[in-house]
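Coordinate analysis (summary)
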Amino acid sequence: MTRNQIIKIAMVVCAVVLLCAVILNFTGVFGSSGIGGYADAEKYTAGGTEITGEVKNLYVNWTSGKVAVAYHAGNTVTLEEKADRALSEDEQLRWWLDGDTLRVQFSKPGIRLNMPGKTLTVTLPEGIALDSAELFVTSGDLEIPTVKAKTLKLVSTSGDISATAEAETADAGSTSGDIKLRMAGRTESVSAGSTSGSISVEAEKAGNIRAGSTSGGISIAAEEAGTVTAGSTSGGIYVSLRKTEKAEISSTSGSVTAALPEEPGFTAKVHTVSGSVSCDLEARRDGDRYIRGDGSVSVSIGTTSGNVRIQAAGKPEEEK
């Protein structure tokens, strides 16, 4: 192996490591309250409820089961939990309206054996726009059909995340689950990270999109994006960008398909150690660079043992 090949491999690995650091940004939230405990426990009330006070911020810390968001025509916020058996008072959810922040915990503090998995449904008024929404699940799924918030943070340790959202910033992280994010409207920043799950991000207009997975595939589709960064260690990557300024894509042992804007043009610099490179678009080649049109969009693609394919934006992923 030549020195240049070693350097290229190191560049790809470093990019993936940096991207997967997205995942670690979320891990601190689980240790903040300690095992079986959380701050200000005495201020919480047990059981489901209907809240008439103003809610601008939503914080949910759930241990096992599922968290879902629903909407109704009323102006209240309701909390409902379901389990496969009757719950004791200690096992019931805890809630606290801390000013305009609604805080929801899985149960009374303390370590208990044989706790059932529970489904929490948070029902919000239709059209509500939150300042922040933070939902954390240790062992369970997050299902959000739609939510509007300035900042959105979604974390699941061993479950899937599926959300449609309108937010200025959105962060999603999962250790061993899949992530599906659909962003509507204008989003300043979108970040998604998973250790062993796949990632799918769809965006209309985004300033920055980052996605990193250790052993899962990544799919990113954006109508318009500023900078897009995607990295996977052992998963394939598909990126479709109708309009963008810059893209950096790296995979160690997975293939990469980049669907790029035909106009005004792009410059794609491609590094691969043992994979093939193909370009379906009419472009001139200059060494490891593929240049189309005015070459204004900067694209960097690196793989160690995966193939690289460049095609026109708008073609479906299954054609890769």
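Structure first, text after, so check above.
Here goes a summary of the coordinates provided. Being a predicted model, the structure only gives us computed values, none of them experimental.

Conventions adopted
- Residues numbered from 1 in each chain as written.
- Predicted model: local features only at pLDDT ≥ 70, side-chain atom pairs only at ≥ 80, totals over all residues.
- Heavy atoms only, no water.
- Phe/Tyr/Trp six-rings, centres within 6.5 Å; stacked < 30°, edge-to-face > 60°.
- Helix = DSSP H or I, 4+ residues; strand = E, 2+ residues; numbered from the N terminus.
- Buried < 20%, exposed > 50% of the residue type's maximum accessible area, 1.4 Å probe, protein only.
- Lys NZ or Arg CZ within 6 Å of the ring centre and 35° of its normal.
- Salt bridge = Lys/Arg side-chain N within 4 Å of Asp/Glu carboxyl O.
- Core = buried A, V, L, I, M, F, W, Y, C linked by side-chain atoms within 4.5 Å.
- Contact = heavy atoms within 4.5 Å.
- Polar contact = N/O pair within 3.5 Å; in protein donor to acceptor, adjacent residues only side chain to side chain.
- Pairing = 2+ DSSP bridges.

1. Quick word on the packing of aromatic side chains
All told, the structure shown has four aromatic pairs when counted by the stated rule. Where Tyr38 meets Tyr44, the ring centres are 5.0 Å apart and the plane angle is 70 degrees; that geometry is what we call edge-to-face. Ring centres of Tyr59 and Phe136 lie 5.5 Å apart, and the angle between their planes is 70 degrees; this geometry places the pair in the edge-to-face category. One end of the pair, Tyr59, is in strand β3 (residues 57-72); the other, Phe136, is in strand β8 (residues 130-156), and 77 residues separate them in sequence. Tyr59 sits in the buried class, given a relative accessible area of 16%. What links up through ring pairs into an aromatic cluster is the set Tyr38, Tyr44 and Trp96. One residue, Arg103, lies across the ring of Tyr59, its end atom 5.9 Å from the ring centre. One cation-aromatic arrangement involves Lys118 over Phe106; the distance from NZ or CZ to the ring centre is 4.3 Å.

2. Some remarks on the pattern of salt bridges
Overall, the coordinates contain 12 salt bridges when judged by the stated rule. A salt bridge links Glu81 to Lys118; its shortest N-O distance comes to 2.8 Å. One end of the pair, Glu81, is in strand β4 (residues 77-82); the other, Lys118, is in strand β7 (residues 118-125), and 37 residues separate them in sequence. Judged on exposure class, the residue Glu81 and its partner Lys118 are both buried.

3. Here we look at the nonpolar core
Judged by nonpolar contacts, the single largest core of 70 residues is most densely connected at Trp62, Leu102, Leu135, Leu154, Ile209, Ile220 and Ile301. In contact with Leu102, other than residues within four places in its own chain, are Ile51, Val55, Asn57, Leu58, Tyr59, Val77, Leu79, Trp95, Trp96 and Leu97.

4. Examining the side chain of Gln105
Along the polypeptide, Gln105 turns up in strand β6 (residues 101-105). Exposure remark for Gln105: the relative accessible area of 5% places this residue in the buried category. Polar side-chain contacts of Gln105 include one of 3.5 Å to the side chain of Tyr44. Not counting residues up to four positions away in its chain, the partners in contact with Gln105 are Tyr38, Tyr44, Tyr59, Asn61, Trp62, Leu93 and Arg94.

5. Quick word on the environment of Trp62
Following the sequence through the fold, Trp62 ends up in strand β3. In this structure, the C-alpha to C-alpha distance between Trp62 and Leu135, residues 73 residues apart in sequence, is 7.9 Å. If we ignore the near neighbours within four places in the chain, the residues touching Trp62 are Val67, Glu81, Leu93, Val104, Gln105, Phe106, Lys118, Leu120, Phe136, Val137 and Thr138. There is a polar contact of 2.9 Å between the side chain of Trp62 and the backbone oxygen of Lys118.

6. Some thoughts on unusual backbone geometry
The omega angle of the peptide bond from Glu263 to Pro264 is 0 degrees, so this bond is cis rather than trans. With respect to the helices and strands, Pro264 occurs in the loop between β15 (256-260) and β16 (265-272). For Asp40, which is not a glycine, the phi torsion comes out positive at approximately 55 degrees. For Asp40, a relative accessible area of 33% puts it in the partly exposed group. Its identity is not glycine, yet Asn114 carries a phi of approximately 60 degrees, on the positive side. Take Asn114: it is sitting in the loop between β6 and β7.

7. Observations regarding the pairing of strand β21 (residues 308-312)
By the criterion of burial, β21 is predominantly enclosed, with four of the five residues buried. Across five bridges, β15 lies against β21 in parallel orientation. Bridge pairing links Val256 to Val308 in β21.

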